[in-house]
Amino acid sequence: MNRSVIAGTDGSPAASDAVLWAAREAVLRARPLRIVHVREQWAGDVPVHTMKNYRDPEAKHCGAMLADAAEAARASAPGLEVTTALVDGDLVQRLLEESEAADQLVIGSRGQGGFAGLLLGSVGMGVAGHAGCPVVVVRGDSATRHGRIVVGVDGSEGAEAALAHAFAEAEIRGAVLHAVHAWQPPGLSTPAVESGSMGEGIGAERSAFLRRVLAPWRERFPRATVTESVVCGHPAGALRDASTEADMVVVGSRGHGLIASAVFGSVSHGVLHHAHCPVAVVRPKGPAPEPA
């Protein structure tokens, strides 16, 4: 199956940026692009099937929005196969359904209506944590290329999935892979302790850990250029800083420390809200965990 790159849109500037980024990704992967708008039915609305005529003006507006998005995608990537879809229903559920047959799902970092919640609460957590494909959140036009993919590593199953995706992304782009492992000092430590022998010892241990985690991936991707960073500090800050000269930051959707928080807590907001480049959230293969 030639899985599509799917871009969710609501007509907002952020969504338009995501569509253009998705178009470039589709060309890179030799995939078709499918642009989707989910028309939600809010509490109190009359069911769509019983008010077809009433909904027609809205349908025309949504259709025009999708047509504009498709035109922009084709203009940015001539020859790209582009299709559009207007679907009704719950935003999260419909995006999750779309993700099951997708190469990746691309959304903007801000939006209108339901899409505005994609990074601001349970909607975003539901999509990123349970999608059937990687979810990429795009901030800005992201057209500048740095030739670097950043991945967060903590040794968990989620981080392994992130590493697999990050190495593949680096390979397809011919980019350098930059692996970041952040560790936080004991709760009662002081700056002097962190920079002294204890800190040096922990840093050396963490560096050895990162090398062990990366070893099998280096063997699997022998042509990959890999750099490593072991950072004493908050993982969100470490990834944010690394994102300033990156084309993408990749995090896993489950794990401990960095990765567990990367979708379900404060680190999620730190990375997704403040990264300077697109963020890809990848969950391990297998059955999706039940939403909380």
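Residues numbered from 1 in each chain as written. Predicted model: local features only at pLDDT ≥ 70, side-chain atom pairs only at ≥ 80, totals over all residues. Heavy atoms only, no water.

Labelled according to an unreviewed UniProt entry, the chain appears under the name Universal stress protein UspA, originating from Streptosporangium minutum. Word for word, the UniProt comment on the chain under Sequence similarities (unreviewed entry) is "Belongs to the universal stress protein A family." (UniProt positions renumbered as here; feature names shortened; annotations may be inferred.)

Trainee: Help me get a handle on the packing of helix α1 (residues 13-29) against helix α5 (residues 157-173), residues and values and all.
Mentor: Angle between the axes and distance between the axes are the two parameters that describe a pair of packed helices. Across the interface, α1 lies against α5 with an axial gap of 10 Å and an inter-helix angle of 75°. Taken as axis vectors, α1 and α5 run roughly perpendicular relative to one another. Judged by residue contacts, Trp21, Glu25, Leu28 and Arg29 of α1 engage Glu169, Ile172 and Arg173 from α5. Grouping the constituent residues of the contact of α1 with α5 by class yields 3 nonpolar, no polar and 4 charged. (Axes fitted to C-alpha atoms, helices over the stretch in contact; angles between N-to-C directions. Helix = DSSP H or I, 4+ residues; strand = E, 2+ residues; numbered from the N terminus. Parallel < 35°, antiparallel > 145°, perpendicular 65-115°, else oblique. Contact = heavy atoms within 4.5 Å. Nonpolar A, V, L, I, M, F, W, Y, C, P; charged D, E, K, R; others polar.)

Trainee: Pulling in residues and values, what's your account of the environment of Phe221?
Mentor: In this structure, Phe221 sits in the loop between α7 (197-220) and β8 (226-232). Here Phe221 falls in the buried class, since its relative accessible area comes to 12%. (Buried < 20%, exposed > 50% of the residue type's maximum accessible area, 1.4 Å probe, protein only.)

Trainee: Tell me what's going on with the pairing of strand β9 (residues 248-252), and back it up with residues and numbers.
Mentor: Successive side chains on a regular strand alternate, one facing one side of the sheet and the next facing the other. Burial runs high along β9: 5 of the 5 residues are buried. Along β9, one buried face is formed by Met248, Val250 and Gly252 and the opposite face, lined by Val249 and Val251, is buried too. In terms of strand pairing, strand β6 (residues 148-152) meets β9 through 3 bridges, oriented parallel. Pairing of Val151 across the sheet is with Val250, part of β9. In this sheet, strand β10 (residues 279-282) lies alongside β9 in parallel orientation, the contact comprising 4 bridges. Along β10, the bridge assignment pairs Val251 with Val281. (Pairing = 2+ DSSP bridges.)

Trainee: Give me the lowdown on the nonpolar core, citing residues and values where you can.
Mentor: Formed by 43 residues in total, the largest nonpolar core has its most connected members in Leu33, Ile35, Val151 and Val250. Mapping this core onto the domain boundaries places at least three of its residues in each of domain 1 (4-138) and domain 2 (148-282). (Core = buried A, V, L, I, M, F, W, Y, C linked by side-chain atoms within 4.5 Å. Domains from an automatic or database assignment.)

Trainee: Any details on the packing of aromatic side chains? Residues and values, ideally.
Mentor: All chains considered together, the criterion is met by 3 aromatic pairs. Residues Phe167 and Phe221 carry aromatic rings whose centres are separated by 5.2 Å and whose planes lie at 25° to one another, so their mutual orientation is stacked. Of this pair, Phe167 sits in helix α5 while Phe221 is found in the loop between α7 and β8, placing the two residues 54 residues apart along the sequence. The same class applies to Phe167 as to Phe221, namely buried. Between Trp217 and Phe221, the aromatic rings sit 6.5 Å apart at their centres with planes inclined by 20°, giving stacked as the arrangement. These aromatic residues form a ring-pair network of at least three members: Phe167, Trp217 and Phe221. (Phe/Tyr/Trp six-rings, centres within 6.5 Å; stacked < 30°, edge-to-face > 60°.)

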